[in-house]
Amino acid sequence: MAIAFTFPGQGSQALGMGKDLADAFPEAAAVFAEVDDALGEKLSDIMWNGPEETLTLTANAQPALMAVSIAALRVLEAKGLDLKSKVSYVAGHSLGEYSALCAAGTFSLADTARLLRIRGNAMQAAVPVGKGAMAAIIGLEHGDVQAICDGVGDVGACQIANDNGGGQLVISGEKAAVEKAAALATEKGAKRAILLPVSAPFHSTLMAPAADAMRQALSTVAKSNPVVPLIANVRAAPVTDAGEIANLLVEQVTGQVRWRETVEWFAANDVTTLYEIGSGKVLTGLARRIDKTVTGIAVNSPADIETALQTLLG
């Protein structure tokens, strides 16, 4: 009967996130101050006071979401949680993988903030605005969507970016190819095929320049093996070697976030509870749709922390 900590990805950001933690707990306030120092700017001011469109920028949203996750984790630790003894695995959705690795001690907090700022900028710069697109496909199986992506190769690059489970897949690539794939998905019985309001085609081969940037950035930071195994996005299997993890983080920029398979792996390996540490409840909702035997619990407010501690330390 194991538990895992999961960490949310982009899209879970919200204006004001983490402010209640910073106000209630000095350990949380210290995390936001350290991230501000690492980036050389008051990211916390943008998080709490906006404007929202500035927070939503990829280069801000990524380190901001990580900061909220680690702030919540540091409070749990200050109140007696020992990650290594209480938690069997960590995992994170896309940028959340960096939050998971910071939590597990692979990267320092300051280095994680700087890596995510580099990642956000590199992903934004990789593709000219308007060239790429992403779309959510609801109600088709993975194999069907893969066949559709393969079938539009004559138009341009298009691939599955996220397999989020519950019949929700996200495709990414060149705009014309993604639009054609979305239309084909509708013809083949998808309940919905929605173009997403994103600024770049994340997790596609078009992100290759960003992958190169992350390879360089990751080569320069100190890395330790995580204190608990990471279930890696691109592998949906546990990894414990810091060097191998760095390679997988590079691969993740252009590869598929295999979240459905990650939750299925947890279920098959006696993980009964997934605590979602950080902003929002997206991963908690996905867990419920993927496998009913796994319980998702969102931890992002002072009240959530007190409730979680009763179980985690009980």
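Residues numbered from 1 in each chain as written. Predicted model: local features only at pLDDT ≥ 70, side-chain atom pairs only at ≥ 80, totals over all residues. Heavy atoms only, no water.

- In the annotation of an unreviewed UniProt entry, the entry for the protein chain reads Malonyl CoA-acyl carrier protein transacylase, and the organism field reads Pararhizobium polonicum.
- The UniProt entry for the protein chain carries this comment under Catalytic activity (unreviewed entry): "holo-[ACP] + malonyl-CoA = malonyl-[ACP] + CoA".
- Per UniProt, the protein chain carries the Sequence similarities (unreviewed entry) text "Belongs to the fabD family." (UniProt positions renumbered as here; feature names shortened; annotations may be inferred.)

## Comments concerning the nonpolar core
Part 1 of the reasoning: If you look at the biggest cluster of nonpolar residues, it comprises 80 residues, and the most contacted ones within it are Phe5, Val35, Met207, Leu218, Ile277 and Ile305.
Part 2 of the reasoning: If one sorts the elements of this core by residue count, helix 5 (residues 58-78) sits on top with 11 residues.
Part 3 of the reasoning: Residues contacting Phe5, with those up to four places away along its chain left out, are Leu73, Leu76, Leu81, Leu83, Val87, Tyr89, Val90, Ala91, Tyr275, Ile277 and Leu312.
Part 4 of the reasoning: Counting 18 residues, the second-largest nonpolar core is a separate cluster that includes Ala133, Val145, Cys149 and Ala181. (Core = buried A, V, L, I, M, F, W, Y, C linked by side-chain atoms within 4.5 Å. Buried < 20%, exposed > 50% of the residue type's maximum accessible area, 1.4 Å probe, protein only. Helix = DSSP H or I, 4+ residues; strand = E, 2+ residues; numbered from the N terminus. Contact = heavy atoms within 4.5 Å.)

## What to know about the packing of aromatic side chains
Part 1 of the reasoning: Enumeration according to the criterion identifies 6 aromatic pairs in this entry.
Part 2 of the reasoning: Geometrically, the ring pair formed by Phe5 and Tyr275 is edge-to-face, given 5.8 Å between the ring centres and 65° between the ring planes. Of this pair, Phe5 sits in strand 1 (residues 2-7) while Tyr275 sits in strand 9 (residues 271-277), placing them 270 residues apart in sequence.
Part 3 of the reasoning: By relative accessible area, which is 0% here, Phe5 ends up buried.
Part 4 of the reasoning: Its relative accessible area of 2% is what places Tyr275 among the buried residues.
Part 5 of the reasoning: A centroid spacing of 6.1 Å and a plane angle of 75° characterise the contact between Trp265 and Phe266, whose relative ring orientation is edge-to-face.
Part 6 of the reasoning: You can call Phe266 buried: its relative accessible area is 0%.
Part 7 of the reasoning: Cluster of aromatic residues (ring-pair linked, three or more members): Tyr89, Trp265 and Phe266. (Phe/Tyr/Trp six-rings, centres within 6.5 Å; stacked < 30°, edge-to-face > 60°.)

## Topic: the sheet that holds strand 4 (residues 158-165)
Part 1 of the reasoning: The 4 strands lie next to each other as 4-5-3-6, forming an open sheet whose pairing is antiparallel. Strands at the two margins of the open sheet, each flanked by one partner only, are strand 4 and strand 6 (192-195). Going from strand to strand, the sheet's axes swing by 20° on average, the running direction of each strand aside.
Part 2 of the reasoning: Where strand 3 (residues 132-138) meets strand 6, 4 bridges bridge the pair, whose relative direction is antiparallel. Each bridged residue has a counterpart across the sheet, and for Ala135 the counterpart in strand 6 is Leu195.
Part 3 of the reasoning: Packed onto the sheet, helix 10 (residues 175-187) meets strand 3, strand 4, strand 5 (168-174) and strand 6 and runs at close to 145° relative to strand 5. (Pairing = 2+ DSSP bridges. Axes fitted to C-alpha atoms, helices over the stretch in contact; angles between N-to-C directions.)

## Digging into the environment of Ala22
Part 1 of the reasoning: Looking at the element boundaries, Ala22 is found in helix 1 (residues 19-24).
Part 2 of the reasoning: Through-space distance from the C-alpha of Ala22 to that of Val68 is 9.3 Å; in sequence the pair is 46 residues apart.
Part 3 of the reasoning: Residues contacting Ala22, with those up to four places away along its chain left out, are Ala28, Ala29, Phe32 and Trp48.

## A word on helix 11 (residues 208-219)
Structurally, the α-helix is built with 3.6 residues per turn, so residues lying three or four positions apart point the same way.
Part 1 of the reasoning: With 12 residues, helix 11 should reach 16 Å at 1.5 Å per residue; the first-to-last C-alpha distance of 17 Å fits that figure.
Part 2 of the reasoning: Those residues of helix 11 not exposed but buried are Ala210, Ala211, Met214, Ala217 and Leu218. Down the axis of helix 11, the sector holding all buried residues measures 125°, keeping them to one side. Seen from the buried face of helix 11, the exposed residues on the opposite side, beyond 90 degrees, are Gln216 and Ser219. (Expected span 1.5 Å × (residues − 1). Arc of directions from axis to C-beta.)

## Some points on the UniProt feature "active site" (unreviewed entry) in the protein chain
Part 1 of the reasoning: Those residues carrying the UniProt feature "active site" (unreviewed entry) are Ser94 and His203 in this numbering. Considering the C-alpha atoms alone, the annotated residues occupy 110 residues of sequence yet fold into one spot, their largest mutual distance being 8.8 Å.
Part 2 of the reasoning: By secondary structure assignment, the location of Ser94 is in the loop between strand 2 (89-92) and helix 7 (96-103).
Part 3 of the reasoning: Residues within four places of His203 in sequence aside, it is in contact with Ser94, Arg119, Gln159, Ile160, Ala161, Asn162, Ser172, Gln252, Val253, Thr254, Gly255 and Val257.
Part 4 of the reasoning: Reaching out from His203, the side chain makes a polar contact with the side chain of Ser94 at a distance of 2.7 Å. (Polar contact = N/O pair within 3.5 Å; in protein donor to acceptor, adjacent residues only side chain to side chain.)

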